[in-house]
Amino acid sequence: MRVGLLHPQEDLDLSRPLPFAWEEVEHDLGLGAVLEAMAEGDSFLEEVARKVLAQGLALDPAAILYRQGSVKEALAQPELVENLYRLAHKTLEAKRRESWGLFRRDRPDLYGGIKAMEALLRGLKELLGLLHASPGDGRFFSPGFSELSARLAQHLTPRFFQEAEAHLQALRFPRGVWMAARLGPEGRGQDYVLLNPSPPRRRWPLGRGPKAFTLTLHPRDESGARILGEIREHGVYAAAWALAAAVEEVTRFFEALRAEVGFLLGAVHLFRRLQSLGLPLAFPFPSRGTRLAFRNLYDVGLALRQGHAVGNDLEAHGRNPILITGANRGGKTTFLRSLGLAQLMMQAGLFVGGEAFESGVVDGLFTHFKREEDPALEAGKLEEELKRLSRLVDRLTPAPLFLFNESFAATNEPEGSELGVGVIRALVERGVRVVFVTHFYTLAAAFMGDPKAFFLRAERLPDGRRTYRLQPAPPEPTAYGQDLLRQIFGHGT
Amino acid sequence: MVKGAKIPEKIPSLMGPSSLTYPEVSRPSYFPDLHLDELEGLLFSAQAGYGLEGFFRSPLRDGASLAHRQAVARELEEGEASLPLRGFLRTMEAVRGFLGLAEKTRHSWQKALYFLQAAGAYIGGLESLRGAWEKAFPRSQGLRSYAAYLVAYQEDPAFSAFRQEVAEAKEGLDEVRYRLHVHEGRLVVQAYQGGEDYGERVKETFRPFFGPGGSKVPRLPQGGAEANPWLNHIEEWILDRLAELFPQAFARVGSLYQGHQRFVDPVLMQLEREARFFLAYLDFIAPLRKAGLPFTYPEAGENPPYFAQEAFDLVLGAKLVAEGKKPVLNDFLVEGERILLVSGANQGGKTTFARMVGQLHHLFALGLPVPGRRARLSLPERILTHFEARENPEDPRSKLEADLVRLKELLDQASPQSLVLLNEPLASAALLDARAIGRFLLDRLREKGSLTVMVTFLDELARLKGVKSLVAEVNPKDPAQRTFRIRERPADGKAYALSLAETYGLTYDALRGRLGGGA
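Because the structure is predicted, anything quoted here is derived from the model rather than measured. (Residues numbered from 1 in each chain as written. Chains lettered and ligands numbered in written order. Predicted model: local features only at pLDDT ≥ 70, side-chain atom pairs only at ≥ 80, totals over all residues. Heavy atoms only, no water.)

1. Looking at the overall build of chain A
Heads up, the rule is: Secondary structure counts use DSSP, requiring at least four H or I residues in a row for a helix and at least two E residues in a row for a strand, with both numbered from the N terminus. We call two residues in contact whenever any of their non-hydrogen atoms come within 4.5 Å of each other. The accessible surface values rely on the Shrake-Rupley method and a 1.4 Å probe; as for residues, cover is taken only from the protein chains in view.
Assigned secondary structure in chain A consists of 15 helices and 15 strands. Across chain A, the fraction of contacts at a sequence separation of at least 24, relative to all contacts at a separation of at least 6, is 75%. Carbon and sulfur atoms make up 51% of the accessible area of chain A, which totals about 21200 Å².

2. Concerning the overall build of chain B
Definition in use: Exposure classes here rest on a 1.4 Å probe applied to the protein chains alone. A residue is buried below 20% of its type maximum, exposed above 50%, and partly exposed in between.
Helix and strand counts for chain B come out as 17 helices and 14 strands. Scored against the burial criterion, the 519 residues of chain B give a buried share of 49%. With the model as given, the accessible surface of chain B reaches about 24600 Å², and the carbon-plus-sulfur share is 52%.

3. A look at the packing of helix H1 (residues 22-29) of chain A against helix H11 (residues 332-347) of chain A
All names here are of chain A. In plain terms, the rule: For helices, the axis comes from a line fit to the C-alpha atoms of the stretch in contact; other axes are also lines fit to C-alpha atoms, and the angle between any two N-to-C directions lies between 0 and 180 degrees. Should an angle lie under 35 degrees it is considered roughly parallel, over 145 roughly antiparallel, and from 65 to 115 roughly perpendicular; all remaining angles are considered oblique. Charged residues are taken to be Asp, Glu, Lys and Arg, nonpolar residues to be Ala, Val, Leu, Ile, Met, Phe, Trp, Tyr, Cys and Pro, and polar residues to be all remaining types, Gly included.
Across the interface, H1 lies against H11 with an axial gap of 9 Å and an inter-helix angle of 125°. What the angle tells us is that H1 and H11 run oblique. Contacts between H1 and H11 involve Trp22, Val25, Asp28 and Leu29 from the former and Leu336, Arg337, Gly340, Leu341 and Leu344 from the latter. Class assignment for the residues of the contact of H1 with H11 results in six nonpolar, one polar and two charged.

4. Quick notes on the sheet that holds strand E11 (residues 365-369) of chain A
Residues and elements named next belong to chain A. What counts here: Strands are labelled as partners when DSSP assigns at least two bridges between them.
Strand order in the open sheet formed by six strands is E11-E12-E13-E8-E14-E15, with mixed pairing between adjacent strands. Where the open sheet ends on each side, the last strands, each with one partner, are E11 and strand E15 (466-472). Strand-to-strand twist in this sheet, taken as the mean axis angle between neighbours without regard to direction, amounts to 15°. Across three bridges, the pairing between strand E8 (residues 322-326) and strand E13 (residues 433-437) is parallel. The residue bridging Ile324 from the neighbouring strand is Val437, located in E13. Along the sheet, H11 makes contact with E8, E11, strand E12 (401-405), E13, strand E14 (454-460) and E15, crossing E12 at roughly 160°. Lying over the sheet, helix H13 (residues 413-429) contacts E8, E12 and E13, oriented at roughly 160° with respect to E13.

5. Side note on the pairing of strand E1 (residues 177-183) of chain B
Burial analysis of E1(B) places five of its seven residues in the buried class, which makes it a mostly covered element. Where strand E1 (residues 177-183) of chain A lies against E1(B), six bridges are found, and the strand directions are antiparallel. Looking across to E1(B), one finds that A:Arg182 is bridged to B:Arg177. For E1(B) and strand E2 (residues 186-191) of chain B, the ladder comprises six bridges, and the chain directions are antiparallel. Along E2(B), the bridge assignment pairs B:Val182 with B:Leu187.

6. Some thoughts on empty space enclosed by the protein
All names here are of chain A. How we decide: Lining residues are defined by having an atom within 4 Å of a point belonging to a cavity or pocket. Those points lie on a 1 Å grid over the protein atoms alone, cavities being sets where a 1.4 Å probe fits but cannot get out and pockets being open sets with protein on both sides within 12 Å along at least five of seven lines. Grid points are joined across faces, edges and corners, and a volume is the space filled by probe spheres set on the points.
Inspection of every chain in the model, using the stated rule, returns three cavities of 30 Å³ or more. Quantified by volume, the second largest cavity comes out at close to 80 Å³. Mapped by element, the contributors of at least two residues to the lining of the second largest cavity are H11 and E13. A total of three residues in the lining of the second largest cavity trace back to one element, the largest contributor, which is E13. Looking at the lining of the second largest cavity, its residues break down into six nonpolar, four polar and two charged.

7. Points about helix H7 (residues 157-174) of chain B
Condition: Under the convention used throughout, the expected extent of a helix is 1.5 Å for every residue step, that is, one less than its residue count. Here the arc refers to the set of directions running from the helix axis out to each C-beta atom. Whenever two N or O atoms come within 3.5 Å, that pair is a polar contact, provided that in protein one can donate a hydrogen and the other can accept it, and provided that, for residues adjacent in sequence, both atoms are side-chain atoms.
Across its 18 residues, H7(B) extends 26 Å between first and last C-alpha, which sits within 8% of the 26 Å expected from 1.5 Å per residue. Residues of H7(B) that are buried: B:Ala158, B:Phe159, B:Phe162, B:Val166, B:Ala169, B:Gly172 and B:Leu173. Buried residues along H7(B) cover an arc of 155° about the axis, so they all sit on one side. Projecting away from the buried face of H7(B) at angles above 90 degrees are the exposed residues B:Pro157 and B:Asp174. Along its buried surface, H7(B) packs onto E1 of chain A together with helix H5 (108-135), helix H6 (141-155) and helix H10 (247-259) of chain B. Capping of H7(B) at its N-terminal end is provided by B:Asp156; its side-chain oxygen lies 2.9 Å from the backbone amide nitrogen of B:Ala158.

8. Remarks on the interface of chain B and chain A
Our working definition: By convention, the term buried area covers the 1.4 Å-probe accessible surface removed from two parts as they join, with the contributions of both added. Definition used for salt bridges: Asp or Glu carboxyl oxygen within 4 Å of a side-chain nitrogen of Lys or Arg.
Tallying the contact residues gives 77 residues for chain B and 86 residues for chain A. For the pairing of chain B and chain A, the buried interface totals around 7400 Å² over both sides, and the portion due to carbon and sulfur atoms is 64%. Linking chain B with chain A are three salt bridges. Between A:Asp394 and B:Arg514 there is a salt bridge, with its nearest N and O atoms 2.8 Å apart. The greatest single-element share of the side of chain B that touches chain A, amounting to ten residues, is contributed by helix H9 (residues 233-245) of chain B.

9. Thoughts on the environment of B:Leu116
All names here are of chain B. Looking at the secondary structure, you find Leu116 in helix H5. For Leu116 and Ala167, which are 51 residues apart along the polypeptide, the C-alpha to C-alpha distance reads 9.5 Å. Residues contacting Leu116, with those up to four places away along its chain left out, are Val166, Ala169, Lys170, Leu173, Val253 and Leu256.

10. Remarks on the pairing of strand E10 (residues 382-387) of chain B
Residue and element names in this part refer to chain B. Across the six residues that make up E10, a large majority, five, are buried. Across six bridges, E10 lies against strand E11 (residues 418-423) in parallel orientation. In the sheet register, Thr385 faces E11, and the bridge partner there is Leu421.

Right under this line is the structure:
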């Protein structure tokens, strides 16, 4: 049975691998602070949040909106989400205690399956109770919660519980095991089928039933007893497997429930943290293509670390590439992060840090940030950058967003610019959305004739102060490095 | 042989146009020098008992057989032709396996059942081979001859009758279905009377939790008892009771066993053996091809030019590919001079080059594809090698003396149709002697007209008449570094000035190429 709180068609699958170079994306965007805020110290929640953010890159706008519904429902009923999370956790614990590994040998363990299923059935009953005890009496406004509630009501009928419990009794085989078999090619039974363990007793009106042979083992025939046990196992196997499979599937349901509710709980945590800082939050509008516009978008990670953050506005629909130039320490990197984080959070179905955000969905997020560390490797730095970029290019998805931060700065301006221009052109022509931060005037200026290119510049007031805001403006031939020099060394004024 | 099956007058073969016999052949003396003994082991050690080594040790002397085999090998390199044959090989293995089990089991009903499995596998295998060959009829004469034989064999009434009996015996057994009840040390067996699958009912109850395609939990193999091919005493008891409950079905199986003891056809066994020879080699080179190394079917030439392009030592190549590396590819060309003299750096690949030339000729003479992009070779009458041998302390003669004796024998056998490979034949002589002996040797070989590759450190010999000079190259910028390239003349310095970005495929053009264009 689907949980379906996060996606209309499928459940969250935590076993899916993270996208290529995800650690770099996490590091470059400063995603760690966001994950911590969502987890509040629960390592499982952190893992779930990470996976959901990474897997959001596979969603389409409709699925994102569906998930937004569940997030909104969770923000409206935080206690329900917390209770569901605890119930899923508790039930999985109980199941684990009863049967640690149903498939641990070459055949499923029937008795362990019976005990585990008993624990799961208790969990399912409690789950029904929790949903009904919610303020709307099992009724919800989001499609995710209402459909889950309806599915449970449809299948978890009193009759279901009755049948399930009857099976758990019958599978203890008080009257022996009946089974049917075919003759295998080497003279051994095969295709064993378990027959009803409590069949109605048949009467043969003429006194004699069909021909039957009976073998009664000698009490000391130990190998015979063992073999008989094996034959019995063949018959029981199918039922034991069916039960074990059912246990696994119901367990999977609770695991998915724990993960999906866990993500929603993380969303509640994050929302509360940002709200307490007095920062604006908005549900974004996921669209298609190269749409991009926002109002007062700030870097959520920076806000969580510093308690405040400066927002930016932008309207760049249909524009690609976006080239960001301007003063050092003028907020270019922060801007890039705010954009990357908002894209990720939007695609995961979350709210974003800002007053409004619209963007076309992408199927991959790639970051290529200049590496500050390892000054000892100066000589090979460009090579390291190229190697890293080449690996990313190998794994490029069909319609990704690619964020560059001061790439190719390890070499001089003419060379680095030529390289950068070539890379951007090739990527854009292939349909990759590119946002490129650079202090190379030559690089950015190469796109000045391109009507699709969009230029942003970090603002610098005439007195040299930074506002940390970016304005639509073409590149200038200076990056005001002297400002910094003046500021730090105080000479030249 | 199926009783009464008729044998065609002409026996088909993959090995040559006329039927050949293959006696056990001892290893040619040049095998160790050319690492062909090692290659033989790599190719056939997994298929011991089929006598495939005999084929490998018998290079062809006639062009017709060569063309016959090249056509077979070419066709088998295409999956379409080799897949059916691979299936046939598996069939024959299965048939042999079942017959072995039938022979060993002590329970008479189980004997008959294993025999039935062998017969069933045999018939099924032959039918699918015939079916595959009818769909894609073989082009090569070798495969066509077997295809025609197979049709005649299966059309034979004796085979049809056999097939019919096997089918009926199987059908009878398929209908055997019974019921068991196990409870507290008692086992009851009787014919099946109906009753539903209770496991399914359990599953049905929990169906809502299963995904759309049922459970994702994998079905597990049922227990380990099946690993034992022999029945235990309870299973024997059940089988004997079933024979009483279903007497007709069992009678058919029994009479099949009595009536057809030796049904495997000897001609098809020969097909199996011949196919194994080709496939063992083709499977050995397949991963090398996949790694990008070239193979070719050389053109047979009566007169020069002889050449090979981008060839390599097959044994070394296989080792390198297994380590994720690749061998250096080398060329040679014989036009005017028939003596190729290889000098140059130590450890520069000279010996490997000489060995490669020898391997190419031997493999070519087996009718197999050889390592290389393109080649034209002569079919040597014999291959004569003298590779520096380890000194034998038992030998009373000096090393030089022993070497010279061997060289004398070699020269006596050499003819214009021979391939002679000499690897540092004068290493044990003093420099002055070596020059004189070398000169003498080369003069003799020129007179004989044998195609010769000689590896030597005496580069002045390269200036003799009738000798072409090849040199093992070093990197001109770093002479300590070997390139393992053997060139007709020292190569010029190489240009290494590739930009870093190009190396990583990140220039505009390179990147466009990698990204496949796009909008």
